[in-house]
Structure formats: structure tokens, C-alpha cells
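Listed below, chain by chain, are the residues.
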2 protein chains.
Amino acid sequence: MAKPTLNDVASAAGVSRATASRALSGYGRISPITVSAVKAAAEKIGYQPNAIAQSMRAGKTRTIGLVIITDFTNVFFNRATKGIVDTARAMGYQVLIFNTNEDVVLEREAIITLTQKRVDGLIVVPSTAEGHEHLISLTKSRTPLVIIDRVLPGVKATSITTDDASSCEAAVDSAVALGHRHLAFLVATPTVSGYQSDVPQLLNSAIESRVKGFLAGTQKQKKIRADWIFCDESPETALEAAAKLCDSPMRPSVIFTSNNDMAQAVLKVVAERDLIIGKDISLVTVDDSTWLEAIYPGITVIQRPVDELAQLAVTKLVAQMETSSKRVETILLPTKLVTRGSIADLS
Amino acid sequence: MAKPTLNDVASAAGVSRATASRALSGYGRISPITVSAVKAAAEKIGYQPNAIAQSMRAGKTRTIGLVIITDFTNVFFNRATKGIVDTARAMGYQVLIFNTNEDVVLEREAIITLTQKRVDGLIVVPSTAEGHEHLISLTKSRTPLVIIDRVLPGVKATSITTDDASSCEAAVDSAVALGHRHLAFLVATPTVSGYQSDVPQLLNSAIESRVKGFLAGTQKQKKIRADWIFCDESPETALEAAAKLCDSPMRPSVIFTSNNDMAQAVLKVVAERDLIIGKDISLVTVDDSTWLEAIYPGITVIQRPVDELAQLAVTKLVAQMETSSKRVETILLPTKLVTRGSIADLS
DNA sequence: TTGTAGGCGTTATCAC
DNA sequence: GTGATAACGCCTACAA
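As the structure is a computational prediction, the values presented were derived from the model and not from experiment.

1. A few points about the sheet that holds strand S9 (residues 254-257) of chain B
Residues and elements named next belong to chain B.
Okay, so step 1: Read from one edge to the other, the open sheet built from 7 strands follows the order S7-S8-S6-S9-S10-S11-S13, with strand pairing classed as mixed. Looking along the sheet, the strands with just one partner apiece sit at the ends: strand S7 (195-196) and strand S13 (336-338).
Okay, so step 2: Two elements, S9 and strand S10 (residues 282-286), share 3 bridges in a ladder whose sense is parallel. By the bridge assignment, Phe256 is partnered in S10 with Val284.
Okay, so step 3: Sitting on the sheet, helix H9 (residues 205-219) touches strand S6 (182-188), strand S8 (225-231), S9 and S10, and the angle it makes with S6 is about 175 degrees.
Okay, so step 4: Contacts between helix H11 (residues 260-272) and the sheet are confined to S6, S8, S9 and S10, with S10 contributing the most and set at about 160 degrees to the helix.

Here it is in C-alpha cells:
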């Protein structure tokens, strides 16, 4: 009782394989009567074309590979994933998904597996690390590739990222305008362990952009103090780092966090100390989530256009796949500072 | 410059296709010298086996299809997705992903596409609707299938769900013990439009289980008032429904919500009315999220074992695929009531 | 130990 | 308008 093949359809309809194929795929010359007979036969025996065989012949799989760094827990990446999957489906493509937990080794393996499965193209969020030769060799073999969320200077591929710098700068301006003079930035990065105030050697471009924006904002002011903490992505470290900020004798009046997890750590630490967000201490973070709006006060946030990014990633990739154009684009999408109640007015 | 094939490796190494294949796959008798020669040649020309051709021959794809209802936004489904993808990878399988937005039509199309792509098995969260014949025909054709989060009475397939009823009942008990006498349950279901207090005809089994638990808890008490609101899944309706509860002259002292989105709606409405959670009004919800713990007060929650569920789904599916056993299991995983500060002590 | 050859299910080219 | 046939890349039974 194996699955029926085109051969079965052909014999059921009393025609040849070739005719059956033509009838079902609707190409070439063929009489309408035969077409309906074949279709009826196919229906009757429950024929489902074997996409593997089709791919084998066509050399295309109508599948794209998605290699994402982590945790669908992260608002940005889970919404991006949904957007990519849905857009791809609408365009007739399916998505094979991998996550790497920010581990280049897993990333490399994922790319190899996807290459072997002959996906038509790849969307990758590269992990924060050195050693992306596997991506370079993809571009060399002309495999359609779109890199999202981060750019990788060494890799000549289309990238789609967001302009976090300008909104981070705007956020600083906004806080300063409200009278804040002591700011702190709490940055999560997989490239440190524990926490530290020095800027790490290696940052991914998304984080770097936020750092730069913050820096630009603070440096253009006089009499501003800006503190930094870079920490790894474990919840414990985040809490320690947030506590360090809040317990300092010179507590910053506003804390910027680089992602939702860090914002949560700050919320926890602040609550434990009976401080009130938007009054005793202020908070701004990156990547909007329904939670940031649901809680009170709402958290001011730098919104990134995740749906647009997801759609663009797929359409640009499909364009590469279907036209085999090798144009490399570097797309930077605008971000937006959305003001809610989490920055106190000190003026 | 097409991708090198086994033939290319063979000629590069000066052997036949068969020998090259044996050398690379390591089977049959073959001299070590030939093996290393072939491997060197493969390496040199950058040979990557074509998994499509392998699948074609083997009749297996080492791919599983995941059809999930919606929104990776939902904590439960995004963590489940991650668990499934990671477990599958560890077992040597890749995951083709679809989401249906609770639409049976899309679900049906997804299953057809996945069948045509000859996935070795499927993990499905069936949408809340009638008409799952496509799943029944899957079981008839012996396609390995695991249904998660919900059971579908008509479909003879392994299912993995969670025992929400008992924790919902425990949550009611707990609230009653703290002195609550007027409870309300705010339930999101795609099967209504707008909101209503009557129990809808059609509920998915997960929601039904929560309803039953709540009912069991309230009915065993005397002098308890229990209100219901069933509403669709749009944020607007959720807000209206939550407002209706909070603005009622007979405001419940504790609100149970069926998911995180509804909990967020309650939080918003409550904040707008300057009420304090855990004091003026109480809240309990289903499915833990880092946010429920990060905010103040933490929200008491019914935790479902999502990681365990994800792992089980994959291992049970793989067991079906690799042993072609057709044993149907109905697995119910325990849940846990985690108490935080969101239920006021009225006693 | 290695080579030859057939077939997995499709599609498309070439005859008739 | 339809049928026979080759080819996609791989694996493996069989032959040498």
C-alpha cells in the first residue's frame, strides 16, 4: 500500500505516464476529455504528487532555510519567524527552520544540512562570533542568501537591518530633555561572561548600533554622566547587573536596556527595592512587545519594524532565487521611538 | 558550475560511482586507501551529497512537519516550537514549519503540502473548528502523527496534552481559601466573535479543560458567584470584555484568564481604573512567561510543562516513524499552580 | 575489492 | 493528441 504514483494514475486512467503528467500539470497539447479522465483517476486513487521527485527533476525545492540565532522567546525573533513563514507560504515556499542559540558551530552545521537538502535560498541571523566562512562560501557558490538583523562586513550578501542608532540617540535626547543627567545602558551580549563596564571587543552590529546611538546622544551633551554595563544573556547575570546599577550610591536616573530580557531584570530589581518606574527611576528598552504596553506604566521603547523586515527578507530572497540576480543590497529600515510613561519628567 | 555530484567525485578519484558512494557512506568492503583517496577528492571539489536524491531513493526525508495554530507571539507555542526544533535536530531531523492562524483551511493546505513533500511525520496543533478529515486520512495512510495541546476525539492519533483542569480547580480552591466569593473567567476562543457570557458550542479541548476545572472548583462551593465571558482573540474585544468585568457594579474579586493575551487586557484595564492587582482585584492566568514573574506583583499562574511536551512530541513521533508501530497513546502531562502575589488575601 | 546497471517518481523531448 | 524514453543523483544487488 505504498503511495500511488503517476504510474498508478496512468494505468487507472488507461493512458501513459506522459499523458497523465500533462493532464495533471496542464501543459502541452492534450484533449480535454483525457484531462478530466486522468484527473478523475488521480482523485479516485488518492494521488498526491511526490514533491521530492519533482525537486529532483527540477533542481528546485521551493523551500527556504531559516537559521535564526535563538530563542523564539525573544519578541523580535519570534515575530520575525512568523512573518517569514507566512510570507513564504503566500509566495509558495516552505520554511525549514533551525536555531543556533548563538553558537557558530551549530550555525555552520545548520547551513551544511540546509545546503545538502538543497534549499533554494537562506535567511540567516548570524551568530555573534568570528568565523563565518561558511556564509562566504555560500555567496561564492551563488546560493541566494539574505542576512537579517545584523550585518557581517566580510560577507557579500544582501542584508536587512534596522537603524537602531538614530532611535537610541533620540531616546537619549528625550531623556535629557526631561532633565535626566545620569544615564546608564545595560547591554546584553553573548560575547562576555558575567558583566563588565568595558566595551567588549566583539559586538554584533545590531548591538553596536545601539551602543553608538547612545554614545552619540550622550557625548553631544555637557555635564552628562553615562554608565555602561555589558553582560551575558543569563537571567542571573542580568539581575546582578541591574542590581549593581540600582544599588550604586550614584544611581542613574534612567536605564536603557538593549532587549526585553534586560528590561525585565530591571523591572524585577526595581520592584524589590520598592522603587517606582517612571518616578523614582526611568526605563527605556528596545523591541516592542505587547507586555511593554500592557504593564503600568507602559515602557518607552525603540520599535523596530519586524514585520516589514520579515517580508522584505523573503521577497528579496525570492527575487534572488527566481531571477538569479546577484545584486547585493544593504537595507536599513527606520526605527521609531515610542513614548510611554516610563521616563520620569525631572524638569 | 553546477554542484558536484557523486559522479564528479568518482572521476576525480579515478574510481566508479559505486566505489565513491561506498567510500563516503562507509559500507561494504573497500580498501582504506581508496576511502581516503575518495574522501580527499570529495573534499577537494567541495562535494555535498544531494539529500533530495538520497530521499528519493530511500523513501525518507528525515524531515518532520510542524503545523502550529498561530502566532509565535503566544508563549506556549513559541516555546513549544523551539523545543520541537531543537529536539528534532538532536535526533537528526529537520522541521518544516507552518502556521495556520487557527484556520482549518490553511491547516488542510499545510497538511497537503507537507504530505507532498513527503515528510516522515507530522506534529499538529489542530485548529479549533470542525472538519479535520485531512487528519483522519493521515492516520488511514499510516502517516506518523502526533497531536499536541489539544485532543481531537475523531482522530485516532497519539496526543500529548496537559491537565489544565486540575490546576484550574486548584486555582479556584486557592482563591476561595483566601476569601474570594465572586470569581470571573475570561476565556479567549476563536469560535466566537465579539464576546458573550454563554458557553460557545465549540471549544477546543484545551480551553474546555480549563472551563471544566474552573466549573468543578466553583460548583463544589456554596455561596460562590461565578461569571463567564468568552471572547474572540482580538486585542480590542479582550479590552472590552475586561472592561465589562471591571466596570460591573458587581465587580468580581478575582479574574481568571485563559491565556497571556487576556491577562494583558485585564492588566491594562485595571491600570486605567487605578486599581491595584493583588489588592483591589486579583488575577490568575494560564501559561507562564518571564513577564508574569518580572512585573510587580508577579502573576499567579498555571504552568504547563511545555519543554517536556515538545520533547515528548518529537520522541513519540520519531518512535512511530522508525519502528512503524501504530500504537496510539493519549498522554496527559501534569500542570502546576505557581503562586505569586496577584491574588489578594481577603480573609 | 571494485565496477555495472537498474530504479526511486517526475517531467520534457522527441517521435508517431 | 499521445506514447516511449531519457535524465535528475543516489544507493545497492549482482556480477566480475
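2. Regarding the protein's contact with DNA strand C
Okay, so step 1: Inspection of the region around DNA strand C gives 27 residues, with Leu6, Tyr47 and Arg57 of chain A together with Thr19 and Arg22 of chain B positioned closest.
Okay, so step 2: Within 4 Å of the protein, the contacting atoms of DNA strand C are 52% sugar and phosphate, with bases supplying the remainder.
Okay, so step 3: In the environment of DNA strand C, a phosphate oxygen lies 3.0 Å from a nitrogen or oxygen atom belonging to the side chain of Ser21 of chain A.
Okay, so step 4: Contact distances for DNA strand C include 2.9 Å between a phosphate oxygen and a backbone N or O atom of Ser16 of chain B.
Okay, so step 5: Sorting the residues of the surface near DNA strand C by element identifies helix H2 (17-25) and helix H4 (51-58) of chain A together with helix H2 (17-25) and helix H4 (51-58) of chain B as the ones contributing at least two each.
Okay, so step 6: A class-by-class count of the residues in the surface near DNA strand C yields 11 nonpolar, 9 polar and 7 charged.

3. What about helix H1 (residues 6-13) of chain A?
Okay, so step 1: Two or three places before Asn7 of chain A, at the start of H1 of chain A, stands the capping residue Thr5 of chain A, its side-chain oxygen 3.1 Å from that residue's backbone nitrogen.
Okay, so step 2: Downstream of H1 of chain A by one or two residues, Gly14 of chain A has phi in the positive range, about 70 degrees.

4. With respect to the interface of chain B and chain A
Interface size, as often reported, equals the accessible area lost upon joining of the parts.
Okay, so step 1: With 49 residues of chain B at the interface, the matching set in chain A holds 49 residues.
Okay, so step 2: Buried surface at the junction of chain B and chain A, both sides included, amounts to about 5,000 Å², of which 61% is carbon and sulfur.
Okay, so step 3: It is Ile52, Arg118 and Trp291 of chain B that lose the most area in chain B upon contact with chain A, and together they represent 16% of the buried surface on that side.
Okay, so step 4: Linking chain B with chain A are 2 salt bridges.
Okay, so step 5: Note that Glu293 of chain B and Lys268 of chain A form a salt bridge whose closest N and O atoms lie 3.5 Å from each other.
Okay, so step 6: Our count for the chain B to chain A interface comes out at 20 residue pairs in polar contact (both at pLDDT 80 or more).
Okay, so step 7: Looking at the side of chain B that touches chain A, the elements with two or more residues in it are H4, helix H5 (75-90), strand S2 (94-99), helix H6 (104-116), H11 and helix H12 (290-294) of chain B.

5. With respect to the sheet that holds strand S5 (residues 158-162) of chain A
Okay, so step 1: Judged by pairing direction, the sheet is mixed, and its 12 strands sit side by side in the order S12(A)-S5(A)-S4(A)-S3(A)-S1(A)-S2(A)-S2(B)-S1(B)-S3(B)-S4(B)-S5(B)-S12(B) without closing on themselves. If you trace the sheet from one side to the other, it starts and ends with strand S12 (330-333) of chain A together with strand S12 (330-333) of chain B, each paired once. For this sheet the average axis-to-axis angle between neighbouring strands, irrespective of direction, equals 20 degrees.
Okay, so step 2: Sheet analysis places strand S1 (residues 63-68) of chain A next to strand S3 (residues 121-124) of chain A, joined by 4 bridges and oriented parallel. Looking at the pairing, Ile64 of chain A lines up with Gly121 of chain A of S3 of chain A.
Okay, so step 3: Its contacts with the sheet put helix H5 (residues 75-90) of chain A on S1, strand S2 (94-99), S3 and strand S4 (145-148) of chain A together with S2 of chain B, and the angle it makes with S2 of chain B is roughly 80 degrees.

The rules behind the values
Residues numbered from 1 in each chain as written. Chains lettered and ligands numbered in written order. Predicted model: local features only at pLDDT ≥ 70, side-chain atom pairs only at ≥ 80, totals over all residues. Heavy atoms only, no water. Pairing = 2+ DSSP bridges. Helix = DSSP H or I, 4+ residues; strand = E, 2+ residues; numbered from the N terminus. Contact = heavy atoms within 4.5 Å. Axes fitted to C-alpha atoms, helices over the stretch in contact; angles between N-to-C directions. Near = heavy atom within 4 Å. Polar contact = N/O pair within 3.5 Å; in protein donor to acceptor, adjacent residues only side chain to side chain. Nonpolar A, V, L, I, M, F, W, Y, C, P; charged D, E, K, R; others polar. Buried area = accessible area lost by both parts, 1.4 Å probe. Salt bridge = Lys/Arg side-chain N within 4 Å of Asp/Glu carboxyl O.

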